[in-house]
Every structure is written in structure tokens, then in C-alpha cells.
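So the chains spell out like this:
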Amino acid sequence: MGRIAGWLVLLGLGTLCGSWYGSGVSATLIAGLLASLAAGALCEWLLPAPGSMWGGALVSLLATFMPVWLFFLPALAFEAGVGLGTMVPATGSADMKDTQAKDSVLASLRLLLALLPAFFWLIPAITDLILFRGLTQRYALLALLTSALTQGGGLACAHLAAVKCRVWRIEDTERYRIRQLHGRINDLDEERAQATRMAHLSERTRIARDIHDNVGHLLTRAIMQIQAGRVVAQSRGDQSTEQILDDVGKTLDEAMTTIRRSVHDLEDEGTDFASQMEDASSEASMGRLKVDLNNGIETAPAPVCRCLATIVREALTNTVRHSSARSAQVILRDLPAFWQMVVQDDGGSQQSQPDSRGMGLADMEARARALGGTANSGPNRQGWKVFVSLPKEPWSDHGTAEHGEDRKVMA
């Protein structure tokens, strides 16, 4: 905008000087103004095409025969300088490629022909300087010097605009790189947070396993020894010893209950439900089945997690071994009273799947029943479907039963 404003100022000053020179605004002066305005607009529109400066060159040649047009030469020279500065980089790079491909002399001629119209304003200025004397000669000399300065100014404006474009491109490139770096840093932060979380979960699981295998067994042995001592004291009629052993046994039972609760809490917190479902899906697919996992369950108790992961593995393994399915969908839903899972493949029929009384399907049903739920499987649409539902409400009862089983195992 600043460049166009400067060009318009030069046209205005040229019009004022021409009106003073000609003692008024004449039709010839108006024609020169319009011709200069059209030539400048054409140059701005066509840049950086090689023919963009020929309009200004033609107006400059006409100024040789119309002395009053001499005052528009600075504006024409300014626009010629802009075209010269805009075309040199583009033409130079194109000619460099032509030099490598063809002949350097031909490339030089093309460059000369493209830039020659930028200096046509010299023709009327030098002609008037030679032909006329007195005031007209002084005006011609003034127009010559002013045009040379304005052409340099136009050339500087073009180079400044090119530099600004390069700076903008560099800034855009740097901003793009910074965005990439920020994205990579965020990805690394997420990976680090995920790795830290997995390490914490693994450590919780290890601690729970160590407590279960070591302290739990020792407490179970101590409880059995106390019970044996009570039986011996009771057979001997030693009521005081029996009472003491009974109190110690209650204390050990409370300690056992507390440790068992802590172990299962650690195990639940150390179970990453999402990662176990992903691992089960990827391992069972064996790379031959495309599995779409839609997990709507954020967390679940460790036994529920193990049950669903095992059923996913069994269902997908059956799909790979006994059907021609190419893809399967695993859907996990967290409902208010139930956890539900659906495994649906897209190929095979009841004949191509294992028998409904097979060990794999029976094992899935047994695992679901152990947690108070149900598991059903059968043909559905064009494939095979496994549906599992595990209740939430009675989970604490099943958890207590499981804890009792753990105590029997530790005994």
C-alpha cells in the first residue's frame, strides 16, 4: 500500500507541475495522466510477468512527442523500478535453470529483453535535453534526475517487499517447527506419564503379590498354630491359656483381614484395565484379525479385569482358529448395575465355530458364573457373538468368598 501511495503522489505532483508548465489543465495533460495511471495499474497487475513493463515503456515513448508528458516520467520510472526489482530474482532463477539446460547466451538475451522496457523513460528525457534549450531543457534535466531517483526508490521498494516475503516465510517455517517441537514434547510427556503410571501399577502388583505369598502364609500358619494350641488347652482344661490363645487368635484374624483387604486394594489399583484389554485383543488376534476395541470401562476390580481379559482371549482365539472372519469388534460397557462385554466377528457360522459344549465356551461360562454373571455365545448375523454380563452390586460378596478361598489356599 505504501508503494502504491508513493506512485499516486508522484502522479499528482506530475499533474501539478504539468498544469503549471502548460498554464492550466489541458486535454493532453489529462490524457498523459490517464495513460500513466493505466500503465502503472497494468504493471502492478501483470507483475512479475516479463511483459508487465511494456505499457509504461509505450507511454514513455509517447512522451517524446508530447513534452507535457515529461512530468509523468518519475511515476513511470518508479513503476519501472518496481518491475525491475520484482522480475530480476524470478527471471534470474529461471534463466539459471535455462543455462543449465540450454545455452547461456540465449538466457542472457531473454533477460535483456525482459528488463529493457524498464529504461525506456530515458529516451524522452534525453531527447528533450538535447533538442530544447532554456526552461524546457531544465525541466528535462530535472525530470531525468528525478526519474533516476524514483526508479532507484521503486527498485528499493521491490527488494524490501521481497525481503519481507522471505522473512515471513522464515517466520512461518519457524512457527511450524516450533509447533512440531511442542507436539513432540507433549507426546513425550504423555509417554513418560504413561510409563510412570505403568511402573507404579506394576510395583503395586508386585507388592500385593509379595504380601500375599509371604506375610499371608505366615499369618495363616500362626492362626492354625493358635487354633491347635486352643484345642490342646481345652483338652487339658486350662481355661486361662485357652482364653489367652483365643484373644491372640482374634487379633491374628483381624490382622489377616486387614492385610487381605490391603492386598486386594493394591491389586485392584495396580490393574490397568485398558492396557489389559488392549493386550488381550492384540495377543489373541495373532496378527490375522483386525480387532476394533471400544472400551467404555475405565476401572474394574482385578478379578473382573482378569475374567474379561481371559474371555476376550478365548473368544478371539476361537474366531481365528475356527472361522474365516477377517475382523472382530470388542465392546465393553460400564452400566449402572452391570459390566457388559460383547465380542462379535464378521465371518463364520455355528458349524465353523467350536461346539457349544466345548471346553473353551464352557470355561468362559464358568468364569462368568464364578463372579455371579453370565456368558452366552452363538451365531449372530453373519458371524459369532459372545455376550458377557457381570453384576456390580453383589461384587463385595463374591470378593469376600474369594478372600476366604485365598485363606484356604494359603493354609
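Residues numbered from 1 in each chain as written. Predicted model: local features only at pLDDT ≥ 70, side-chain atom pairs only at ≥ 80, totals over all residues. Heavy atoms only, no water.

Naming follows an unreviewed UniProt entry, where the protein appears as histidine kinase of Bifidobacterium kimbladii. Of the protein, the UniProt comment under Catalytic activity (unreviewed entry) reads exactly: "ATP + protein L-histidine = ADP + protein N-phospho-L-histidine." (UniProt positions renumbered as here; feature names shortened; annotations may be inferred.)

Just to check I follow, could you spell out the packing of aromatic side chains for this structure?
Evaluated as defined, the whole model comprises 3 aromatic pairs. Ring centres 5.5 Å apart and planes at 65° place the aromatic pair phenylalanine 71 and tyrosine 139 in the edge-to-face group. Separated by 68 residues along the polypeptide, phenylalanine 71 in the loop between helix H3 (54-62) and helix H4 (73-101) and tyrosine 139 in helix H7 (residues 135-236) bring together distant segments of the chain. Through a chain of ring-to-ring contacts, the aromatic side chains of Trp20, Phe71 and Tyr139 assemble into a single cluster. (Phe/Tyr/Trp six-rings, centres within 6.5 Å; stacked < 30°, edge-to-face > 60°. Helix = DSSP H or I, 4+ residues; strand = E, 2+ residues; numbered from the N terminus.)

In this structure, what is going on with the UniProt feature "transmembrane region" (unreviewed entry) in the protein? I would like to understand it.
Cross-referencing UniProt, the feature "transmembrane region" (unreviewed entry) maps to residues 27-47, 54-77, 111-132 and 139-162 in the present numbering. Here residues 27-47 is 95% helix and 0% strand, with 30 Å between the C-alpha atoms at its ends. This span, residues 54-77, is 58% helix and 0% strand, and a straight line between its end C-alpha atoms measures 12 Å.

Teacher, can you tell me more about empty space enclosed by the protein here?
Rolled over the atoms, a probe sized like a water molecule indicates the empty space that remains. Tallied over the full model, the rule gives 5 cavities of 30 Å³ or more. The volume enclosed by the largest cavity comes to roughly 110 Å³. As for the largest cavity, its lining consists of 16 residues, and the residues nearest its centre are Met53, Gly56, Ala57, Leu76 and Ala80. When residues of the lining of the largest cavity are traced back to their parent elements, those giving at least two are helix H2 (27-46), H3 and H4. For the lining of the largest cavity, a count of residues per class yields 12 nonpolar, 3 polar and 1 charged. (1 Å grid on protein atoms, 1.4 Å probe; cavity = no way out; pocket = protein on both sides within 12 Å on 5 of 7 lines; lining within 4 Å. Points joined across faces, edges and corners; volume = space filled by probe spheres on them. Nonpolar A, V, L, I, M, F, W, Y, C, P; charged D, E, K, R; others polar.)

What is the right way to look at the sheet that holds strand E1 (residues 290-295) in this model?
Strands in a sheet are paired, the pairing made by backbone hydrogen bonds, and the direction either parallel or antiparallel. The strand order across the open sheet built from 5 strands is E1-E2-E3-E5-E4, with neighbouring strands paired in mixed fashion. If you trace the sheet from one side to the other, it starts and ends with E1 and strand E4 (374-380), each paired once. Direction aside, the axes of adjacent strands within the sheet are offset by 10° on average. Two elements, strand E2 (residues 327-334) and strand E3 (residues 338-345), share 7 bridges in a ladder whose sense is antiparallel. If you follow isoleucine 331 over to E3, its bridge partner there is valine 342. Here helix H11 (residues 359-370) sits on the sheet and contacts E4 and strand E5 (383-391); the angle it forms with E4, its principal contact strand, is near 145°. (Pairing = 2+ DSSP bridges. Axes fitted to C-alpha atoms, helices over the stretch in contact; angles between N-to-C directions. Contact = heavy atoms within 4.5 Å.)

Quick question: what am I supposed to make of the nonpolar core here?
Across soluble globular proteins, nonpolar side chains show a tendency to be buried alongside one another. If you look at the biggest cluster of nonpolar residues, it comprises 33 residues, and the most contacted ones within it are Leu308, Val388 and Leu390. Per element, the largest residue contribution to this core is 10 residues, and it comes from helix H10 (residues 302-322). Formed by 31 residues, the second largest nonpolar core is a distinct cluster that contains Leu47, Leu76, Leu84 and Met87. (Core = buried A, V, L, I, M, F, W, Y, C linked by side-chain atoms within 4.5 Å. Buried < 20%, exposed > 50% of the residue type's maximum accessible area, 1.4 Å probe, protein only.)

How should the packing of H10 against H11 be read in this particular structure?
Geometry of a packed helix pair, given as the angle between the helix axes and the separation of the axes. Following both chains from N to C, one finds H10 and H11 inclined at 165°, their axes separated by 10 Å at the closest point. Judged by the angle between their axes, H10 and H11 are roughly antiparallel. The way H10 lies across H11 gives a crossing that is left-handed. Between H10 and H11, the contacting residues are Cys307, Thr310, Ile311, Glu314, Ala315 and Asn318 on the first element and Gly360, Leu361, Met364, Arg367 and Ala368 on the second. Residue composition of the contact of H10 with H11, grouped by class: 6 nonpolar, 3 polar and 2 charged. (Parallel < 35°, antiparallel > 145°, perpendicular 65-115°, else oblique. Left-handed = near helix turned anticlockwise from the far one by under 90°.)

Hey, could you run me through the pattern of salt bridges in this one?
Opposite charge on two side chains lets them pair, provided their charged atoms get close. As enumerated under the stated definition, the model contains 8 salt bridges in all. Note that glutamate 174 is salt-bridged to arginine 177, the shortest N-O span being 3.5 Å. On the criterion of helical spacing, the pair formed by glutamate 174 and arginine 177 is a turn pair, its members being 3 residues apart in helix H7. (Salt bridge = Lys/Arg side-chain N within 4 Å of Asp/Glu carboxyl O.)

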